Every structure is written in structure tokens, then in C-alpha cells.
Amino acid sequence: MARIACHHIVALPLKSSFLTRTSSICFPETSLSTGFRRRFSSNSKISMSLKAGIVGLPNVGKSTLFNAVVENGKAQAANFPFCTIEPNVGIVAVPDSRLQVLSNLSKSQRSVPASIEFVDIAGLVKGASQGEGLGNKFLSHIREVDSILQVVRCFEDNDIVHVNGQVDPKSDIDVINLELAFSDLDQIEKRIDKLKKSKSNNSQVKVKEEAEKSALERIQEALMAGKPARSVALTDFEKESISHLCLLTMKPVIYVANVAESDLASPESNPYVKNVMELASELQSGIVTVSAQVESELTELPSEERTEFLTSLGVDESGLGNLIRATYNLLGLRTYFTSGEKETKAWTIHAGMTAPQAAGVIHSDFEKGFIRAETVAYNDFVAAGSLSAAREKGLLRSEGKDYIVQEGDVMLFRFNV
Ligand SMILES: Nc1ncnc2c1ncn2[C@@H]1O[C@H](COP(=O)(O)OP(=O)(O)OP(=O)(O)O)[C@@H](O)[C@H]1O
Ligand SMILES: [Mg+2]
């Protein structure tokens, strides 16, 4: 296996999911895990969950990581319409080697990668849920993201102040998680009070409110026991009933252990990283190790010098690609392709989406007027060499409106307008 500047330690679906069409993915038990098998009903509102928030104590390396990821994401794809929406929100390309392969085969004029949004959120401190530091404002920024990358300081450096005086990943993680839990508890308490006072006579509303109350009571219990909301088993109906609250501890988390450059080659031997690994597994979350400092220095170097720098640190490649892919997968996102002479493009869908829903990602008219999809698995497309060759060999299938789009499908939609 290639040595990389970012090691995925927990079974997060990284590269494997991109190599096989139907990948067997082992996700931590998050709220998203059921989504793999779940089908999206056609009337359910689909929003592309694309935002990952970089969260952590002050001065742990969040902005350093954010800048490196954004710079790297931009560099990954010259044709990618990169933009920084606000100074602290950046869209980055999801690196995917399949894109270039398809693009070459189709002799496309350009290729467009999938993308996700990263948000650099200011540091959280103890007491934030009571308004300390930048307090509730920043908790509300976290509320808006779909997944959390929690940066944990695992590097020693006496010149860089640690808000609590010493490097202690367990304590840092506890501080952040406690603030998130307090904020959720506060919201839940208010909501349960409101639900108790509800006088609705509408039976449908009543059923929904009962489901919401029952879910919230169970989440409240879990939070009091130090567990995140995502650890509570909920039905789809219950999940939907509480979704308006955007609970912070419901969001899937990846712990990003930010290590010194000297630890990059074997992060597992750093006891701080070990602590983070143990906690991540207890909290049903993923972990990646990365050195934000190294990544930021890499973006400053001309590409020919990057390999040399990485080799001197004992690794082969930058860790950001893996971090971005891990985040993409954590968000429950999947990719299908369209490929032709004009362009080859990676489109982002949720796992479980049907062909018309996937077509709707391109344009709502494609979904409304959907007739059929012609589809071929990525590996079959590559083996055949082109869409027409795949058709001749009978590898191109014609699929109807119930077809669940698979990771890596290359698709062509037939529709009426
Ligand atoms: N892996 C690392 N090794 C050594 N130094 C690092 C590492 N990662 C970040 N730093 C340094 O730590 C300092 C703080 O980094 P940064 O400003 O990114 O933190 P932050 O979490 O965004 O802080 P804030 O919450 O105040 O915005 C910087 O001087 C940065 O160069
Ligand atoms: Mg910062």
C-alpha cells in the first residue's frame, strides 16, 4: 500500500469504494448508515449534503488545514470552477482517478470533478453553549454543515499556545463534544416543552409529534449518558420528525489528528493519535491523521519539489486527497459519470437514489421527463473502450425509473421535455 501523508485507521470507505462498482462499505453506525439501503421516495425533498465543517479548539490547525485543502482542491483540477464563496468557505474537487480515464477514452474536451464544500469555523471554547468565546454564533455555524471534521491537536510545539495549557486530545475532544451536547440538550428541552403544550387535533400532526417526542426523549437520555445523538437507533420517520432541529451530535464526525511532521511516517506510534483512535471508535466516528503544517507547506512548493519533500518525511503522497474522499463518503455521497466528447463529468448523488432522481441532479427537466437511462458500469466501460463499444457488446443496460444508481455508473438519460 502506498505510504501517504494521511492514514485512515478506522474502516472508512476510502479508495475501495471508487474501485468497485458495488463496494461493500463498512461505515460507523451513523445516521447515514441506513441510507445505503434506503431508497429515497420520489416525493422526499432531496438536498445535496455537501458541507463539511472544520471544527475544534482555537489554535489547533483548522485554518491551516482549510487553506491547504482548498488550495489543493483547486490545484487538483484546472478546469474545476473553483470559487471561495466567503473567506472561510471553499469548494474543493474530489480527487477521482476514474475521471481522467473516462475523459481520455471519450476524448473529452474537459473533465469536471465532483466537489464538496469545506467551512472553516472559528475555534470553540469551553462554555460556548453558554455564550463563552464566540459562543452560540459558532454553534449555529456548525448547525448548518452536514458533517464535522474535528481537528485535534496531536503535535507538541511550545511556541504555539494551547488554550488549555497542554496537548491533551482526550480533554480537547471532550470539551468540544460537551459543548455540542449541551447545545443539543438545550434545544431538545425547549422543543419537548413545546411539544408537551401542543394542542393539535390533526391526527397526522399528532402522530408526527409523538414520534418526535419519543425520539427526542431517547436522544436526551443518550446525551446525558455522554453519547452522541447519532448513537440512538431511530426509524426514518423519527429521523425526519427531528431533522428540523439540525442536532449537532447527529452529524457524522471524522476526527482529524493533526500531527507534527516528524510523526507523519508512523502516526500510530504517537500516543496522542492512539488516544484519538480509541475515542473515535467509542464515538462511532472515523479518524484520519494528517499534518496540516506539512500540507500547507506542500501547497507552497512547486510540484517537482513536493515528492522530494514528502520522501524526506517518509511518505509518498499528500494526505489531503484521502481526507477529501473520506469526507465525501462520510456525507453518504456517491458518484456517477456522464462522458462524451464535450465533457466527462462526475455527478454527486446520495447513496440509494433512483435513475430519475440522479438525472434530476443534472436538470430538473431530466427528472420530470425521465423515460429511461442507459447505463454501464465503470469497469465495463473501460473494458469496452467507449459507450458505443459497450453497447455493441451488450454491456450497456437500459434501466427504468426504479433503477438504483450504482457507484461509478456511466449514464446516458433519455427524457421528454
Ligand atoms: N501539524 C502541525 N505542526 C506544527 N504546527 C502546526 C501544525 N498545524 C498547525 N500548526 C500551527 O498552529 C498554529 C495555529 O494554526 P491555525 O491558525 O490553523 O489554528 P486554528 O485552529 O485555525 O485557530 P483559530 O481557532 O484561532 O482560528 C499556526 O501557527 C500553524 O502554523
Ligand atoms: Mg482559524
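All values reported here derive from a predicted model rather than from experimental measurement.

This next bit is on the overall build of the chain. A tally of regular secondary structure across the chain gives 15 helices and 14 strands. The proportion of buried residues among the 417 residues of the chain is 45%. Counted over contacts in the chain with a minimum sequence separation of 6, partners at least 24 positions apart contribute 74%.

A separate point is the site of ligand 1. As a structural note, the neighbourhood of ligand 1 is formed by 19 residues, with Gly 61, Lys 62, Ser 63, Thr 64 and Gly 123 the closest of them. Of all elements in the fold, only helix H2 (62-76) and helix H9 (292-300) reach the threshold of two or more residues within the shell around ligand 1. Ranked by residues supplied to the shell around ligand 1, first place goes to H2 with three residues. Across the shell around ligand 1, the residue classes break down as eight nonpolar, nine polar and two charged.

Below, the discussion takes up the confidence of the model for the chain. Across the chain, the average pLDDT comes to 82, with 83% of residues at 70 or higher. Per-element confidence in the chain is highest for helix H14 (residues 378-384), whose mean pLDDT is 97, and lowest for helix H1 (residues 16-19), whose mean pLDDT is 25. Segment residues 6-49 is flagged for pLDDT under 50; beyond a separation of four residues in sequence, or across chains, it makes 86 contacts in the model. Taken over the whole predicted complex, pTM reads 0.79, whereas the ipTM for its chain interfaces reads 0.98.

Ranked by internal contacts, the top residues of the largest apolar core, which has 97 residues, are Val 69 and Val 256. Lining this core are residues from two domains, each supplying at least three of them: domain 1 (7-30 + 50-77 + 113-168 + 248-330) and domain 2 (334-415). When residues no more than four places from it in sequence are discounted, the contact partners of Val 69 are Val 92, Phe 118, Leu 320, Leu 323 and Ile 324.

Right, let's talk about the environment of Met 411 for a bit. With respect to the helices, strands and loops of the structure, Met 411 is situated in strand E14 (residues 410-415). Residue Met 411 is classed as buried on the basis of its 22 C-beta neighbours within 10 Å. Residues Met 411 and Ser 388, spaced 23 residues apart in sequence, show a C-alpha to C-alpha distance of 12 Å.

Here we come to the environment of Ser 243. The topology assignment puts Ser 243 in the loop between helix H7 (236-242) and strand E8 (253-258). Take Ser 243: there are 12 C-beta atoms within 10 Å of it, and that puts it in the exposed class. Each C-alpha atom, one on Ser 243 and one on Glu 212, is 9.4 Å from the other, the two residues being 31 residues apart in sequence.

Packing of helix H5 (residues 169-197) against helix H6 (residues 203-224) brings their axes to within 10 Å, and their N-to-C directions diverge by 145 degrees. Crossing handedness for the pair H5 and H6: left-handed. Listed contacts from H6 to Ala 181, Asp 184, Leu 185, Ile 188, Arg 191, Ile 192 and Leu 195 of H5 are Glu 209, Glu 212, Lys 213, Leu 216, Glu 217, Ile 219, Gln 220 and Leu 223. Classifying every residue of the contact of H5 with H6 by side-chain character gives eight nonpolar, one polar and six charged.

Our next topic: the packing of H5 against helix H8 (residues 271-282). It is the contact of H5 with H8, at a shortest axis distance of 9 Å, that shows an interaxial angle of 40 degrees. Accordingly, the angle class assigned to the pair H5 and H8 is oblique. Contacts between H5 and H8 involve Pro 169, Lys 170 and Ile 173 from the first element and Tyr 272, Asn 275, Val 276 and Leu 279 from the second. Classifying every residue of the contact of H5 with H8 gives five nonpolar, one polar and one charged.

Rules used in this analysis
Every chain begins its residue count from 1, and numbering advances along the sequence as written. Chain letters start at A and ligand numbers start at 1, both assigned in the order the entries are written. Per-residue local features of the predicted model are confined to residues with pLDDT of at least 70, and side-chain atom pairs are confined, for both listing and counting, to 80 or more; whole-chain, interface and lining totals are unaffected and use all residues. Secondary structure counts use DSSP, requiring at least four H or I residues in a row for a helix and at least two E residues in a row for a strand, with both numbered from the N terminus. To sort residues by burial, count the other C-beta atoms lying within 10 Å of each one's C-beta; a count of 20 or more means buried, 12 or fewer means exposed, and anything in between means partly exposed. C-beta atoms are built from the backbone. Contact between two residues is assigned whenever their backbone-derived C-beta positions fall within 7 Å. Each residue gets a C-beta atom placed from its backbone. If that atom is within 6 Å of a molecule or strand, the residue is near it. Each residue is assigned to one class: nonpolar for Ala, Val, Leu, Ile, Met, Phe, Trp, Tyr, Cys and Pro, charged for Asp, Glu, Lys and Arg, and polar for all the others, Gly among them. The score called pLDDT rates the predictor's confidence residue by residue, from a low of 0 to a high of 100. Defined on buried residues, the nonpolar core groups Ala, Val, Leu, Ile, Met, Phe, Trp, Tyr and Cys residues joined through C-beta atoms within 7 Å. Where each domain starts and ends follows an automatic or database-derived domain assignment. Axis lines are fitted through C-alpha atoms, for helices just across the contact stretch, and the angle between N-to-C directions can take any value from 0 to 180 degrees. Should the near helix be turned anticlockwise from the far one by less than a right angle, the crossing is termed left-handed; should it be turned clockwise, right-handed. Roughly parallel here means an angle under 35 degrees, roughly antiparallel means over 145, roughly perpendicular means 65 to 115, and every remaining angle is called oblique.

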